[in-house]
Amino acid sequence: MRTAASTTAEKMVKTMYSMEKDAYTCDACGLELKWDASDDRRGTMWECERCGAHFCTGCFVEKLGRERFDKMMKESDLVLCTECYKKGERSDD
């Protein structure tokens, strides 16, 4: 049985910051970027304000589409990973 504590621990293990490289790692594709850096193909690194997961623009767009990404950036108070964004959409119904 998964508990809230074990789910939080899983998220914490998944989220990666390399002090050696001063870079964050996308939890979905493994891209490493410094926080304010940008990659020509994958975009910018983000941190989900709900669960703490790190993700790049490219992974969000591949999973949910550019329209949803743009909507989140323009209309939402929070930056969310794809999983938290989908949960929010379901709760809006």
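Before reading further, recall that the structure is shown in the block above.
Residues numbered from 1 in each chain as written. Predicted model: local features only at pLDDT ≥ 70, side-chain atom pairs only at ≥ 80, totals over all residues. Heavy atoms only, no water.

Participant: Please clarify how the overall build of the protein should be interpreted in this entry.
Facilitator: When you go through the protein residue by residue, the secondary structure sums to four helices and six strands. Sequence-ordered secondary structure for the protein, helices as α and strands as β, is α-β-β-β-β-β-β-α-α-α. Expressed as a percentage of its 93 residues, the buried residues of the protein come to 33%. The long-range share in the protein, meaning contacts at least 24 apart out of those at least 6 apart in sequence, stands at 32%. Accessible area for the protein stands at about 6500 Å²; split by element, carbon and sulfur atoms hold 49% of it. (Helix = DSSP H or I, 4+ residues; strand = E, 2+ residues; numbered from the N terminus. Buried < 20%, exposed > 50% of the residue type's maximum accessible area, 1.4 Å probe, protein only. Contact = heavy atoms within 4.5 Å. Areas by Shrake-Rupley, 256 points an atom, 1.4 Å probe, with all protein chains shown as cover.)

Participant: Got a minute to help me understand the side chain of Ser-18 in this structure?
Facilitator: Counting through the fold element by element, Ser-18 comes out in strand β1 (residues 16–18). Engagement of the side chain of Ser-18 in a polar contact is seen with the backbone nitrogen of Lys-21, the distance being 3.2 Å. (Polar contact = N/O pair within 3.5 Å; in protein donor to acceptor, adjacent residues only side chain to side chain.)

Participant: Looking at this structure, I do not really get the sheet that holds strand β3 (residues 32–33). What am I missing?
Facilitator: Strands sit in the order β1-β2-β3 across an open sheet of three strands; the sheet is antiparallel. The sheet is open, and its two borders are formed by β1 and β3, each paired with just one other strand. Bridging between strand β2 (residues 23–25) and β3 involves two bridges; their strand directions are antiparallel. Residue pairing for β3: Tyr-24 is matched across the bridge by Leu-33. (Pairing = 2+ DSSP bridges.)

Participant: Is there a simple way to think about the sheet that holds strand β5 (residues 43–47) in this case?
Facilitator: Strand pairing in a sheet takes place through backbone hydrogen bonds and is either antiparallel or parallel in direction. The strand order β4-β5-β6 describes an open sheet built from three strands, whose pairing is antiparallel. The sheet is open, and its two edges are formed by β4 (38–39) and β6 (54–56), each paired on a single side. One ladder, built from three bridges, connects β5 with β6; its direction is antiparallel. Bridging across to β6, Met-45 finds its partner in Cys-56.

Participant: For this particular structure, what's the right way to read unusual backbone geometry?
Facilitator: For residues other than glycine, phi is negative in most cases, and the peptide bonds are mostly trans. One non-glycine residue with positive phi stands out, namely Asp-22, at about 55°. By the element assignment, Asp-22 lies in the loop between β1 and β2. Accessibility expressed as a relative area gives 38% for Asp-22, which makes it partly exposed.

Participant: How do you make sense of the packing of aromatic side chains when you look at a structure like this?
Facilitator: Each aromatic ring pair is described using two quantities: the centre-to-centre distance and the angle formed by the ring planes. Taken as a whole and assessed by the stated rule, the structure comprises five aromatic pairs. Ring centres of Tyr-24 and Trp-35 lie 4.8 Å apart, and the angle between their planes is 65°; this geometry places the pair in the edge-to-face category. Of this pair, Tyr-24 sits in strand β2 while Trp-35 sits in the loop between β3 and β4, placing them eleven residues apart in sequence. For Tyr-24, a relative accessible area of 22% corresponds to the partly exposed category. An aromatic cluster of three or more residues is present, and its members are Trp-46, Phe-55, Phe-60, Phe-69 and Tyr-85. (Phe/Tyr/Trp six-rings, centres within 6.5 Å; stacked < 30°, edge-to-face > 60°.)

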